[in-house]
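# Overview (structure and organization)
Residues per chain are reported as follows:
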Number of protein chains: 2
Amino acid sequence: MENKMKNTDKFTLINELARRRGFFWQAYEMYGGVSGFVTYGALGAKLKQKIENKVREFFVSNLGIMEIEGPIIAPGKVFEASGHVDNFKEPMVECLQCKKKIRADHLLQETAKLSASEAEKLSLKEIKETIEKYGVRCPDCCGDFGEPKYFLTMFQTTIGPYSDAVGYGRPEAAQGIFVEFRRLYEMAREKLPFGAMQIGHALRNEISPRQGLIRLREFTIIDIEFFFDPEDPECFILKDVEKEKLRLVLAENKLRGSEEIVETTVKEALEKGYIKIAWQAAFMALAKRLLMDLGVPGEKQRFVEKLPWERAHYSKQSFDQEVYVDRWGWVEVSGHAYRTDYDLKQHMQFSGVDTRVFKEYEKPVEKEKTFVKPLMAKLGPAFKGEAQKIAEMLLEADPEEVEASIKERGYYMLGQHRILPEYIEITREKVKELGRRFIPHVVEPSFGSDRLFYVALEYAYRVKDDRVVLSFPRDIAPIQIGVYPLVNKDGLPQKALQVRELLANEGFAVEYDDAGSIGRRYARADEAGIPLGVTIDYETLKNDTVTVRDRDTWKQVRNSIDNLPELLCKYFRKKISFEDLGNPV
Amino acid sequence: MENKMKNTDKFTLINELARRRGFFWQAYEMYGGVSGFVTYGALGAKLKQKIENKVREFFVSNLGIMEIEGPIIAPGKVFEASGHVDNFKEPMVECLQCKKKIRADHLLQETAKLSASEAEKLSLKEIKETIEKYGVRCPDCCGDFGEPKYFLTMFQTTIGPYSDAVGYGRPEAAQGIFVEFRRLYEMAREKLPFGAMQIGHALRNEISPRQGLIRLREFTIIDIEFFFDPEDPECFILKDVEKEKLRLVLAENKLRGSEEIVETTVKEALEKGYIKIAWQAAFMALAKRLLMDLGVPGEKQRFVEKLPWERAHYSKQSFDQEVYVDRWGWVEVSGHAYRTDYDLKQHMQFSGVDTRVFKEYEKPVEKEKTFVKPLMAKLGPAFKGEAQKIAEMLLEADPEEVEASIKERGYYMLGQHRILPEYIEITREKVKELGRRFIPHVVEPSFGSDRLFYVALEYAYRVKDDRVVLSFPRDIAPIQIGVYPLVNKDGLPQKALQVRELLANEGFAVEYDDAGSIGRRYARADEAGIPLGVTIDYETLKNDTVTVRDRDTWKQVRNSIDNLPELLCKYFRKKISFEDLGNPV
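Residues numbered from 1 in each chain as written. Chains lettered and ligands numbered in written order. Predicted model: local features only at pLDDT ≥ 70, side-chain atom pairs only at ≥ 80, totals over all residues.

## Remarks on the overall build of chain A
- On a plain count of helices and strands, chain A comes out with 22 helices and 29 strands.
- Once the C-alpha set of chain A is aligned to its principal axes, its extents read approximately 105 × 70 × 55 Å. (Helix = DSSP H or I, 4+ residues; strand = E, 2+ residues; numbered from the N terminus.)

In structure tokens, the structure reads:
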């Protein structure tokens, strides 16, 4: 670690810096603070926007993914369908004495020294047994615990004046994409593959969040749902990424207790079957590049495959992209899940709206198909007034299923009604099929914006000559240029304000500062991560030239004011380097 | 109205277009939709971002206001302090027969033909009387109504596992700024005036929202809180805006039943006392300019002063900025409230944290001050063991208040304790005061992002040759440039994709389209509001020139590809006009 300041870990140093310079702090401080909620200050909000815009550059501008913006509150049905109401819960125990409530798996990690993966796996019964076996007691008052229970970690509310209209704060932005699938598919001109992205606040009612920006109750999620035909999973960007190297921790190794890194190219990972879906591998490669663009080197990243019981209920294969941070070790910054057709299928069942798409064959295919023909002459006597309705329902039933059931059991159950073989006629006909109807499959890269923010901050953190410098990559720095009069007299401030105005009008994020010595102002700017400082001195008044100072090397070059806008524009788009901004001073 | 299409009003036309082209639609359609929630599609989300970035340009870049980002969920105390728990409610009646719940003031507007202003004013008792007087019954089933009740229009939830930890979804982003005042003041280097802004989702649990984007349960709010010294309310941008004309509807005229427009400059409005605070007038002028930049002409805007009973509980003077729209008439797009020190004072009382600032005098001022000295020799016998505590409390009491009470009533009540004149000594001393300690005052401009979005869409809506053209101002158009091969062969698509790539790399929002005839593609682009179309034709292959087409005039110019990036950059920053982009074709 570069940081040798007072042996304090970076998490502490960064939180202190963040509060002091207004990057972020715990929200509602004046009311004692509320765990799991943060407020981003002026510098932080800007940095966060820059990071989110970087994500947009990767996925919206370059890849053509559609960004949408939906609500945070959803009606209960959406999260019943998605499985969250059943699955989005954490085991909790309550101290019978002091009434403190604790997340049970975390408790057992700390007290019974289980690994996270072991603790996560336990049922309520097993939790109870483990507590008893290890004699675990309340860490606050030594009291006994009551029965472990599940706690729903969604925020619940009511929509409108009717108390039965349950609503939830979304724990992910993905469902807001799935439920709008039909419209999105139209917007994609009814062609697969396509993707949709949503960036916005999401809510998880954690039992007792700690870890600052790493575990929040309200956070910003970036969910991308990428829809493709499972029978045509070809990835059109594979060429651009196939040589990208990924550092994988595979499930098969984890099962053996090993965290061994398998370093492979995207191409190899697909060939060897480490990653099942080409699009998922491609997104993992892009996620690696994104993190590199935020300042995290490739060797500080890895992708950890989730074990079956660690995976979310909807996922067939999942990788967590992890970044190494000073205090917490490996921390997840994005998840890559192969959600298959799970969500669209669930919403189809719960809403009755067809989420299948139709894909025309290049030429029609001749197929033998089974048909079920209801025989009214038999249905009439058997079902009387209901016969007509039953005949219609039979026409809608899956003929293969009807046939199989009759073959197997001698009848078919249509709801409550038993359909005997003599009620129907089963025929086979050759038909021309024009295409297939199917539910698209989905791979999902999902980023935590706050965690991207945190790792960008930690990897920008340097100490130089006992001062803090935030060496953000120049294209995500919250403020791009500081403008300073060398001294506060002789018309220098006026000239500096003109330069500020000129650069601001050209669209740069500029800050003017004339408080204190120039050295103090440079130090303040370095700590805020401002890549360039433009200083107006006595020479400026003579020949309209200024010095430009580099945050990281503290080198300076000189150039005329007129040349600056174009050069700076190229510099911030990474087309030229600092040395190209002028002549060395 | 330009729209002569089928006599349908613009609201309907725009909603239909918005759904079809993916600007926005009611969210959760597949579950039947939920009133008051919308999803913005790809075009809509981009347009909304552009509008929000325009707001940032006005207030953050130009005026130096700090943007912050805080949570949507707040602990109960925040909204108890702000007065929302007591005041943020609507009167509601329930039909005893069909159980339908209806917002009472809206009901009486429709049935008893009260004006909005009259209906808003009614107490629950008056609502009941009006219902009885007019014999108002349920519009659905003709049933009778029960007792009118208040309905809290905040979304309520619980934070964490303890059921008494009430949280609310914020109905405004303002409180998220007020509660962080101390940090923000530090970030402003402890100088007034300064402002902070927050853009984000907010929640109002409307009883029965209609009106599409105009009245939502979940919406995006843009709150700016501008803090200033009430004894030094000078506005440093007044010079830039003093000649701006405002169209005001004054409260004094409204009281006479008139909606007469008083057209004045900002300067006049302040001199005549129409607007109390210079900063408020300046923000109103900027708000007018902002709306003009979004495409709403000045004469379609007005500022309506709120009557005392129409104002929010925290406001001393309020103006609504209204825009005229086809279906709804005048609709509020921003509110301008003089919140005084109300919020900071409330949070100081509820949290115990001092929200006052200290402002040094230029030189110390000598003042006579009153002091209260507790006399222990008297307090001891009177209060025994409590005497010491009472003495300390007396030192903290306001001496002027103690003196006044004793003069008036012969004693002073310190909590439960009666303090008689002989228990204390009141002295007057000359002291040097170094400065003042006070709570800053606040003016708040507050915009509804969704309403800005709606009016931008309605004012962009044109019909030309029976086709829809969305004539967005070029700097807010969601897509900037369409790139088209004239025909789909002979290498034109390949060349067009190169041009697309070139322009995208220069940072433009570009869309490539090769589906259908070029006329159809132009029409599709006009309907999406894409300002410029770049077409690659056979001449391009010879001399690397392309045509550029203007969305609004359908004129075309020709220029070489190499010249485009710089010219387009200037064009979108409104520095040159369409004719400057090349030679007429």
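The structure having been displayed, the exposition proceeds.
## What about the sheet that holds strand β15 (residues 318-325) of chain A?
Residue and element names in this part refer to chain A.
- Taken in spatial order, the nine strands line up as β3-β10-β11-β21-β16-β15-β14-β12-β13 in an open sheet, and their pairing is mixed. Strand pairing shows two members of the sheet lacking a second neighbour, β3 (66-68) and β13 (262-265), which therefore form its edges. The average undirected angle you get between the axes of adjacent strands in this sheet is 30°.
- Two elements, β15 and strand β16 (residues 329-340), share eight bridges in a ladder whose sense is antiparallel. Note that in β16 the partner of Ser318 across the bridge is Ala337. (Pairing = 2+ DSSP bridges. Axes fitted to C-alpha atoms, helices over the stretch in contact; angles between N-to-C directions.)

## Quick word on the interface of chain A and chain B
- Taken residue by residue, the interface counts 52 residues in chain A and 52 residues in chain B.
- Looking at the side of chain A that touches chain B, the element that brings in the most residues is helix α2 (residues 42-61) of chain A, giving four residues.
- Looking at side-chain class alone, the side of chain A that touches chain B contains 30 nonpolar, 13 polar and nine charged residues. (Contact = placed C-beta atoms within 7 Å. Nonpolar A, V, L, I, M, F, W, Y, C, P; charged D, E, K, R; others polar.)

## Regarding the relation of the copies chain A and chain B
- When chain A is fitted to chain B, the best match, at an RMSD of 0.3 Å, comes from turning it 180° and sliding it 0.1 Å along the axis. Read as a symmetry element, the transformation amounts to a two-fold axis. Every residue of chain A has its C-alpha some distance from the rotation axis, and the shortest such distance is that of Thr157 of chain A, at 2.6 Å.
- Both copies share a contact surface, since 100% of the interface residues of chain A are interface residues in chain B too. (Least-squares fit on C-alpha atoms with pLDDT ≥ 70 in both.)

## A word on the packing of α2 of chain A against helix α13 (residues 278-293) of chain A
Residue and element names in this part refer to chain A.
- Remark: α2 packs on α13, axes separated minimally by 11 Å, with the N-to-C direction vectors making an angle of 145°. Along this stretch, α2 crosses α13, giving a crossing that reads as right-handed. Here Lys54, Val55 and Phe58 of α2 come into contact with α13, specifically with Leu286, Leu290 and Asp293.
- Within the contact of α2 with α13, the residues separate by chemical class into four nonpolar, no polar and two charged. (Left-handed = near helix turned anticlockwise from the far one by under 90°.)

## A word on the environment of Ala165 of chain B
Residue and element names in this part refer to chain B.
- With respect to the helices and strands, the residue Ala165 is situated in the loop between β8 (156-158) and β9 (166-169).
- Overall, Ala165 belongs to the partly exposed group, with 13 C-beta atoms counted inside 10 Å.
- In the structure, Ala165 is positioned 89 residues away from Gly76 in sequence and 7.5 Å away in space, judged by C-alpha atoms.
- Not counting the four nearest positions on each side in its chain, Ala165 is found in contact with Thr158, Ile159 and Gly160. (Buried ≥ 20, exposed ≤ 12 C-beta atoms within 10 Å, placed from the backbone.)

## Focus: the domain arrangement of chain A
- When its domains are assigned, chain A resolves into domain 1 (10-79 + 158-343 + 442-449), domain 2 (89-152), domain 3 (357-437) and domain 4 (479-584).
- Taken over C-alpha atoms, the centre of domain 1 of chain A sits 44 Å from the centre of domain 3 of chain A. (Domains from an automatic or database assignment.)

## With respect to unusual backbone geometry
Residues and elements named next belong to chain A.
- With an omega of -10°, the peptide bond between Leu192 and Pro193 qualifies as cis.
- Relative to the assigned elements, Pro193 resides in the loop between α9 (181-187) and β10 (194-203).
- You will see that Glu190, though not glycine, has its phi angle at about 55°, which is positive.
- Its location among the elements puts Glu190 in the loop between α9 and β10.

## Describing the pairing of strand β20 (residues 424-438) of chain B
Residues and elements named next belong to chain B.
- The buried fraction of β20 is low, at one of 15 residues.
- Pairing of strand β17 (residues 357-374) with β20, which is carried by 14 bridges, proceeds in the antiparallel orientation. Its bridge partner lying in β20, Phe371 is registered against Thr427.

## Observations regarding the sheet that holds strand β7 (residues 149-152) of chain A
All names here are of chain A.
- Read across the sheet, three strands follow the order β6-β5-β7 without closing on themselves; strand pairing throughout is antiparallel. Strand pairing shows two members of the sheet lacking a second neighbour, β6 (101-103) and β7, which therefore form its edges. Strand-to-strand twist of the sheet, defined as the mean angle between neighbouring strand axes without regard to direction, takes the value 50°.
- Of the strand pairs in this sheet, strand β5 (residues 89-94) and β7 are connected by four bridges, and their pairing is antiparallel.

## Focus on the confidence of the model for chain A
- On average, residues of chain A score 94 in pLDDT, and 99% of them are at 70 or above.
- Across the assembled chains, the prediction reports ipTM 0.90 with pTM 0.91. (pLDDT = per-residue confidence, 0-100.)

## Describing helix α20 (residues 518-527) of chain A
Residue and element names in this part refer to chain A.
- Where α20 is concerned, the buried positions are Arg521, Tyr522, Ala525 and Asp526. End-on, the buried residues of α20 take up no more than an arc of 140°, which puts them together on one face. Among the exposed residues of α20, those oriented more than 90 degrees off its buried face are Gly519 and Arg520.
- Its buried side turned inward, α20 meets β23 (467-470), β24 (481-485), β26 (532-536) and β27 (545-550). (Arc of directions from axis to C-beta.)

## Overview of the environment of Thr157 of chain A
- Looking at where Thr157 of chain A falls in the secondary structure, it is placed in strand β8 (residues 156-158).
- In this structure, the C-alpha to C-alpha distance between Thr157 of chain A and Gly76 of chain A, residues 81 residues apart in sequence, is 9.4 Å.
- Sequence-distant contacts of Thr157 of chain A, defined by excluding residues within four places in its chain, comprise Ile73 and Gly167 of chain A together with Phe155, Gln156 and Thr157 of chain B.

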